[in-house]
Amino acid sequence: MRNEPQESLISKLAKAPISVNGEIRIPISSDADIVIARQQGRAMAEQLGFSASDMTIIATAISEVARNIINFARRGEMIMSPFQRSPRRGILVVARDQGPGIPDIHLAMQDGYSTGKGLGMGLPGCRRLMDEFEIQSDVGKGTTVVMKKWSPEYDTGP
Amino acid sequence: MEVPILKQGSYLIATFQAALTDEDLLKLQDALVMQVGKYRSRGVIIDVTALDVMDSFAARTLRSLAYMVRLRGADTVIVGIQPEVAFAMVQLGLTLESVRIALDLEEGLAIMDQRTKTGKGLALVDQRAKRGVLREK
């Protein structure tokens with residue numbers, strides 16, 4: 001698992017947004033949007049050649065972070081896009097909100113820590129599900145979660 | 001999309017669709033807890049074969065549902081967790097330890113038959129329930 005990338009995903013995103021080709025943006029403001037987001041994510045993962053297992057894993061992680069938006073920020077957005085770092089490709093998932101933020105990220109990333117709305121498995125669970133996971137949160141400003149999953153298939157090109 | 005609940009003998013069978021919202025899950029929970037009393041059901045079988053994702057909310061709701069059904073005097077069996085869903089659940093760290101689980105609907109029904117026919121008293125209640133069903137029809 002590549003849980004600790006050498007360079008911060010969030011700072012990379014800020015510097016040069018990854019190719020927006022095929023990017024999907026889904027506003028999240030109700031529990032129905034959670035379902036839409038995970039279905040769209042699964043469809044994108046399928047196009048990228050992910051296995052059925054990985055498709056479910058990606059959809060599960062999307063469901064968790066989208067629900068965090070609803071539970072803690074009420075509204076926000078999910079951005080999903082394919083990325084490529086030749087010869088491999090993968091899916092990039094960003095969950096962003098302008099909610100209250102997380103005062104103690106280390107605490108929120110601990111298994112079993114819960115504010116009472118879930119099982120305390122959401123964020124640490126997503127880190128286990130995905131290949132790369134990063135979270136940035138500023139109290140009063142909002143939270144951004146960036147996750148990546150690499151496709152096992154090598155892109156052979158068109 | 002609401003979850004259809006099928007009444008079969010003294011059991012209730014709820015079959016999940018692929019895309020369930022949190023609201024659908026909570027509605028199902030309420031409906032099952034009510035119907036267990038209404039139909040004097042002995043068991044509830046929840047078929048999640050078609051479910052795309054079992055996330056922490058779904059797992060928590062199923063756990064509460066099973067416990068509420070137990071408080072109403074019936075048993076719950078969850079059937080049809082797919083291999084990839086099981087895989088994702090374990091990685092996410094979800095457990096359904098307190099809930100009875102079977103491979104598929106057939107196994108679930110077999111477990112229910114076993115559980116509801118162990119004691120003489122239970123069998124009697126079961127027969128009464130069956131007669132009730134016949135009268136209803």
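See the structure printed just above.
Please read these numbers as outputs of a predicted model, since none were measured by experiment.

Draft legend 1. Seen up close, the overall build of chain A. Along chain A, the regular secondary structure elements total five helices and five strands. Each helix (α) and strand (β) of chain A, taken in turn from the N terminus, gives the series α-β-α-α-β-β-α-α-β-β. Split into buried and exposed, the 158 residues of chain A put 41% on the buried side. In chain A, the share of contacts with a sequence separation of at least 24, taken over all contacts with a separation of at least 6, comes to 65%.

Draft legend 2. Spatial organisation of the interface of chain A and chain B. In this complex, chain A contributes 24 residues to the contact, which on the side of chain B involves 19 residues. Per element, the largest residue contribution to the side of chain A that touches chain B is nine residues, and it comes from helix 3 (residues 52-73) of chain A. For the side of chain A that touches chain B, the class distribution of residues is nine nonpolar, eight polar and seven charged.

Draft legend 3. Summary view of the nonpolar core. With 70 residues, the main nonpolar core has A:Ile58, A:Ala61, A:Ile62, A:Ala66, A:Val93 and B:Val44 as its most contacted residues. In terms of residue count, the dominant contributor to this core is helix 3 of chain A (10 residues). Among residues more than four places away in sequence, those in contact with A:Ile62 are A:Ala37, A:Arg38, A:Gly41, A:Met78 and A:Val93.

Draft legend 4. Local environment of the environment of A:Asp31. Within the fold, A:Asp31 resides in helix 2 (residues 31-47). In this structure, the C-alpha to C-alpha distance between A:Asp31 and A:Ala66, residues 35 residues apart in sequence, is 8.7 Å. Sequence-distant contacts of A:Asp31, defined by excluding residues within four places in its chain, comprise A:Ile70, B:Thr21, B:Asp22 and B:Glu23.

Draft legend 5. Broad picture of the packing of helix 3 of chain A against helix 5 (residues 122-129) of chain A. Residues and elements named next belong to chain A. Contact geometry for helix 3 and helix 5: axes closest at 10 Å, N-to-C directions at 155°. Classified by the angle between their axes, helix 3 and helix 5 sit roughly antiparallel to one another. Every pair of crossing elements has a handedness; the one defined by helix 3 and helix 5 is left-handed. Contacts from Ile57, Thr60, Ala61, Glu64, Val65 and Asn68 in helix 3 reach Gly122, Gly125, Cys126 and Leu129 in helix 5. Residues belonging to the contact of helix 3 with helix 5 are distributed by class as follows: five nonpolar, four polar and one charged.

Draft legend 6. Quick look at the sheet that holds strand 5 (residues 100-102) of chain B. Residues and elements named next belong to chain B. Reading across the sheet, the five strands line up as 1-2-3-4-5 and stay open at both edges, with mixed pairing between neighbours. Only two strands of the sheet have a single neighbouring strand rather than two, namely strand 1 (5-8) and strand 5. Strand-to-strand twist in this sheet, taken as the mean axis angle between neighbours without regard to direction, amounts to 25°. Relative to strand 3 (residues 43-47), strand 2 (residues 11-15) runs parallel, the two sharing five bridges. Along strand 3, the bridge assignment pairs Ala14 with Ile46. Contacts between helix 1 (residues 22-38) and the sheet are confined to strand 1, strand 2 and strand 3, with strand 2 contributing the most and set at about 165° to the helix. The sheet contacts of helix 4 (residues 105-116) involve strand 2, strand 3, strand 4 (75-79) and strand 5, and relative to strand 4 the element is tilted by about 160°.

Cut-offs used in this document
- Going along each chain's sequence as written, the residues are numbered from 1 onward.
- Chain letters and ligand numbers both follow the written order, the letters beginning at A and the numbers at 1.
- In view of the model being predicted, local features appear only for residues whose pLDDT reaches at least 70, and side-chain atom pairs are presented and counted only at 80 or more, with totals across whole chains, interfaces and linings using the full set of residues.
- Every helix listed is a DSSP run of H or I at least four residues long, and every strand listed is a run of E at least two residues long, numbered separately from the N terminus.
- The exposure scheme places C-beta atoms from the backbone and then counts, for each residue, the other C-beta atoms within 10 Å of its own, assigning buried at 20 or more, exposed at 12 or fewer, and partly exposed in between.
- Here the contact rule is simple: place C-beta atoms from the backbone, and any two residues whose C-beta atoms are within 7 Å are in contact.
- Gly is placed with the polar residues, together with every amino acid not listed as nonpolar (Ala, Val, Leu, Ile, Met, Phe, Trp, Tyr, Cys and Pro) or charged (Asp, Glu, Lys and Arg).
- Note on terminology: a nonpolar core is a set of buried residues of type Ala, Val, Leu, Ile, Met, Phe, Trp, Tyr or Cys, with members joined through C-beta atoms within 7 Å.
- Inter-axis angles, ranging from 0 to 180 degrees, are taken between N-to-C directions of lines fitted to C-alpha atoms, where helices are fitted over the stretch in contact.
- Working definition: roughly parallel below 35 degrees, roughly antiparallel above 145 degrees, roughly perpendicular at 65 to 115 degrees, and oblique for all remaining angles.
- The sense of a crossing depends on the near helix, which, turned anticlockwise from the far helix by less than a right angle, makes the crossing left-handed and, turned clockwise, makes it right-handed.
- When DSSP finds two or more bridges between two strands, those strands count as paired.

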